[in-house]
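The lines below spell out each chain.
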Amino acid sequence: MSTQDAAAQRKIVNRLKRARGQLDALITAVEDGRSCRDVVMQLSAVASALDKAGYAVVANAMQECLVDPDHTTEDGLTPAELEKLFLTLA
């Protein structure tokens, strides 16, 4: 994955690390036999964190395309492919 700038990449990595921490908490909750409510709440947190990271990746690539719409991103993605990727997250 290429990113337009280091700050955007750091934000994405931080989101993914947050998701990893939430996933660890989810695994612990299941192993400890926590309530269904606790497990589902943790599942929701993990899913949300991953969704936000995915949107950030696609948004960053879209910004590259906005600069030059006829150009592909550094990953070789066209605007149409970016749109398709975005919709896979929806």
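Residues numbered from 1 in each chain as written. Predicted model: local features only at pLDDT ≥ 70, side-chain atom pairs only at ≥ 80, totals over all residues. Heavy atoms only, no water.

Attention now moves to the overall build of the protein chain. Broken down by element type, the protein chain carries three helices and zero strands. Reading the helices (α) and strands (β) of the protein chain from amino to carboxyl end gives α-α-α. Taken over 90 residues, the protein chain has a buried fraction of 22%. Taking as baseline every contact in the protein chain between residues at least 6 positions apart, the subset at least 24 positions apart corresponds to 54%. (Helix = DSSP H or I, 4+ residues; strand = E, 2+ residues; numbered from the N terminus. Buried < 20%, exposed > 50% of the residue type's maximum accessible area, 1.4 Å probe, protein only. Contact = heavy atoms within 4.5 Å.)

Time to look at the pattern of salt bridges. Applying the stated criterion across every chain yields a total of one salt bridge. One salt bridge connects R34 with D38, and the closest N-O pair in it is separated by 2.9 Å. Residue classification places R34 among the partly exposed positions, given a relative accessible area of 47%. (Salt bridge = Lys/Arg side-chain N within 4 Å of Asp/Glu carboxyl O.)

We now examine helix α1 (residues 6-31). In an α-helix, one full turn covers 3.6 residues, which means residues spaced three or four apart are oriented alike. If you check α1, its first and last C-alpha atoms are 37 Å apart, about what 26 residues at 1.5 Å a residue would give, namely 38 Å. Turning to α1, its buried residues number three or more, namely A8, I12, A19, L26 and A29. (Expected span 1.5 Å × (residues − 1).)

Tracing the backbone shows K11 in helix α1. Its relative accessible area of 61% is what places K11 among the exposed residues. Distance in space between the C-alpha atoms of K11 and A56 is 8.4 Å, their sequence separation being 45 residues.

Side chains of Y55, M62, F86 and L87 sit close together on the surface and give an oily, nonpolar patch of about 350 Å² of accessible area. Tracing the backbone shows L87 in helix α3 (residues 79-89). Residue classification places L87 among the exposed positions, given a relative accessible area of 53%. (Patch = residues over 30% accessible without salt bridge, like charges linked within 9 Å, V, L, I, M, F, W, Y side chains within 5 Å. Areas by Shrake-Rupley, 256 points an atom, 1.4 Å probe, with all protein chains shown as cover.)

This next bit is on the environment of I27. One can find I27 in helix α1. For the pair formed by I27 and L43, sequence separation is 16 residues and the distance between their alpha carbons is 9.6 Å.

Turning our eyes to something else, we now look at the confidence of the model for the protein chain. The predicted coordinates of low-pLDDT regions are not to be read in fine detail. When pLDDT is averaged across the protein chain, the result is 83; 83% of the residues are at 70 or more. Taken element by element, the protein chain is modelled with least confidence in α3, mean pLDDT 79, and with most confidence in α1, mean pLDDT 93. (pLDDT = per-residue confidence, 0-100.)

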